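# Observations on the model geometry
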Amino acid sequence: MTNRSEPTPLLPERARRWRLVLGEAAENACAAATGATTPATGTVLNRDDARIDAALAALYNYSDTGGRLRGPGKRSASLDSSAPTVARWLGDIRTYFPSSVVRVIQHDALTRLNLTTLLLEPEMMDAVEPDVHLVGTLLALKDVMPESARETARTVVRRVVNDLERKLAHHTRSTVQGALDRSARTTRPRRVSDIDWDRTIRRNLQHYLPEHRTIVPQTLVGYARRSRGVQRDVILAVDQSGSMASSVVYASVFSAVLASLRTLRTSLVVFDTAVVDLTDQLSGPVDVLFGTQLGGGTDINRAIAYCQGLITRPANSIFVLISDLYEGGIREEMLRRVAEMTAAGVQVIVLLALSDDGAPAYHHDNAAALAALGVPAFACTPDKFPDLMAAAIQGQSLTAWVEQNIYDAS
């Protein structure tokens, strides 16, 4: 008869981690697993751990019967329906978790415990960790907010927008302006530093002298002097359906940054079944965001038709459509309008999302139809957007750019 060996006790740190994952019902089992002789009176959590456990249990509580862990059961909110209690709970999670984790927990609290109405309380909004997703929630609630909560909401939105501008503005301006400066070509560069050697060599390959192993540059290609006038017209059309909330926030910030460049004429249009031109508000991205109306249907064709009317210089225009492509309007007309734009020389960009949220849900058939027109539809993260705009300004193949920089293109 073979003797069964006793299981190897868990190290205290491993038992602590399992206890935090499994919840209070696993207390005795985790204590016993460390080799404690009296697990019922022992605990694997210290005081700070206990507060972390209580904060998590308030949201992710588990059902148990007779001391046995039964797995995720019927969740019931153990947070009281009062703003002060929730505010204290939010303070606890901010104390014990990094900001990235706090945002996940806040998002789960909003969806699992239906805390959206508590965001109307100023004390609640003072306690939350501002992020793009919270801004989306506040914008969806703005029309039902009492006046006392609206100003607090604007303060939260302003904090997020200011933070995004600090992170994105400098890189965007320098990248886009650099692309504009280099997009103008001349065959009579004034300085050696203005010569584009790569293009010059390619232009003069036929003048290669093998005996001297050199190329005679009969034609120089260089960068022209900077123009102070408007060089490109940029039109952004942003789908404001509920699933596009993060993209709306980022698009508003980028639009404001692009509008600050004198060499660009930037327009911002948001749409659902109606079309709203917010160009005159681009000096204040917070006002832009509060001018949006998240949710509702989608008429992409109608939005594109409006934007077509804004294009007066097709060869110098960039049209950016940000949408998941779920069209509630006339699909055939939408595709026809895109084809007309590209045939006229407009650089058309279709972004399925402009956010860090991962692979988006989108209409695959419409994305494939656009790709057949030579317009790839893809998701773009905010850090890639300035480089995308630079590629469009310089007239690069967007299909090639996508293949080099984006991994989930249609």
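First, a word on what this report is: a plain description of the structure on this page. (Residues numbered from 1 in each chain as written. Predicted model: local features only at pLDDT ≥ 70, side-chain atom pairs only at ≥ 80, totals over all residues. Heavy atoms only, no water.)

### Considerations on helix H14 (residues 364-372)
Count 3.6 residues to each turn of an α-helix, and residues three or four apart come out pointing the same way. Three or more residues of H14 are buried, namely Asn366, Ala367, Ala369 and Leu370. Buried residues in H14, looked at end-on, bunch into an arc of 160 degrees, giving them a common side. When the buried face of H14 is taken as reference, the exposed residues oriented beyond 90 degrees from it are His364, Asp365 and Ala372. Looking at the packing, one finds that the buried side of H14 touches helix H13 (331-344), strand S11 (347-354) and strand S12 (377-380). (Buried < 20%, exposed > 50% of the residue type's maximum accessible area, 1.4 Å probe, protein only. Helix = DSSP H or I, 4+ residues; strand = E, 2+ residues; numbered from the N terminus. Arc of directions from axis to C-beta. Contact = heavy atoms within 4.5 Å.)

### With respect to the packing of aromatic side chains
Enumeration over the complete set of coordinates arrives at two aromatic pairs. Summarising the aromatic geometry, the rings of Phe254 and Phe385 are spaced 4.6 Å apart at their centres and angled 45 degrees between planes, so their arrangement reads as tilted. Taken together, the residues Phe254 in helix H10 (residues 245-259) and Phe385 in helix H15 (residues 385-393) connect sequence positions 131 residues apart. An identical accessibility class is assigned to Phe254 and Phe385; each is buried. (Phe/Tyr/Trp six-rings, centres within 6.5 Å; stacked < 30°, edge-to-face > 60°.)

### Here's the deal with the environment of Ala391
Residue placement: Ala391 occurs in helix H15. Look at Ala391 and you get buried, because its relative accessible area is 2%. For the pair Ala391 and Ala179, spaced 212 residues apart in sequence, the C-alpha to C-alpha distance is 7.6 Å.

### Some thoughts on the side chain of Ser355
Mapping Ser355 onto the fold places it in the loop between S11 and H14. Among all residues touching Ser355, those that are not within four sequence positions of it are Ser246, Ser247, Tyr250, Cys380, Thr381 and Pro382.

### What to know about the pattern of salt bridges
Counting across every chain of the model gives seven salt bridges. Taking the shortest distance from any N to any O, the salt bridge between Arg166 and Asp163 comes out at 3.6 Å. Here Asp163 and Arg166 lie together in helix H8 (residues 147-183), a separation of three residues that amounts to about one turn. For Arg166, a relative accessible area of 62% gives the class exposed. Using a relative accessible area of 28% as the deciding quantity, one classes Asp163 as partly exposed. With its nearest N and O atoms 3.6 Å apart, the salt bridge here joins Arg337 to Glu333. You can see Arg337 and its partner Glu333 sitting in helix H13, four residues apart, about one turn around the helix. We classify Arg337 as buried; its relative accessible area is 17%. Classification of Glu333 by relative accessible area gives partly exposed; the value is 26%. (Salt bridge = Lys/Arg side-chain N within 4 Å of Asp/Glu carboxyl O.)

### Notes on the nonpolar core
Residues Ile349, Leu351 and Phe385 are the most contacted members of the largest nonpolar core, which totals 57 residues. Examining the composition of this core, we find that 10 residues originate from one element, H8, more than from any other. (Core = buried A, V, L, I, M, F, W, Y, C linked by side-chain atoms within 4.5 Å.)

### Considering H13
For H13, built from 14 residues, the straight-helix expectation of 20 Å at 1.5 Å per residue is met to within 8% by its first-to-last C-alpha distance of 20 Å. At its buried positions, H13 is contacted by helix H12 (300-308), strand S10 (317-322), S11 and H14. One or two steps after H13, the chain reaches Gly345, where phi turns positive at roughly 105 degrees. (Expected span 1.5 Å × (residues − 1).)

### Observations regarding the sheet that holds S12
If you walk across this open sheet you meet the six strands as S9-S8-S7-S10-S11-S12, and the pairing is mixed. Both outer strands of the open sheet, strand S9 (275-277) and S12, are each paired with one neighbouring strand and no more. With strand direction ignored, the average angle separating the axes of adjacent strands in the sheet is 25 degrees. Relative to S11, S10 is paired through five bridges, and the arrangement is parallel. Bridged to Ile318 within S11 is Gln347. (Pairing = 2+ DSSP bridges. Axes fitted to C-alpha atoms, helices over the stretch in contact; angles between N-to-C directions.)

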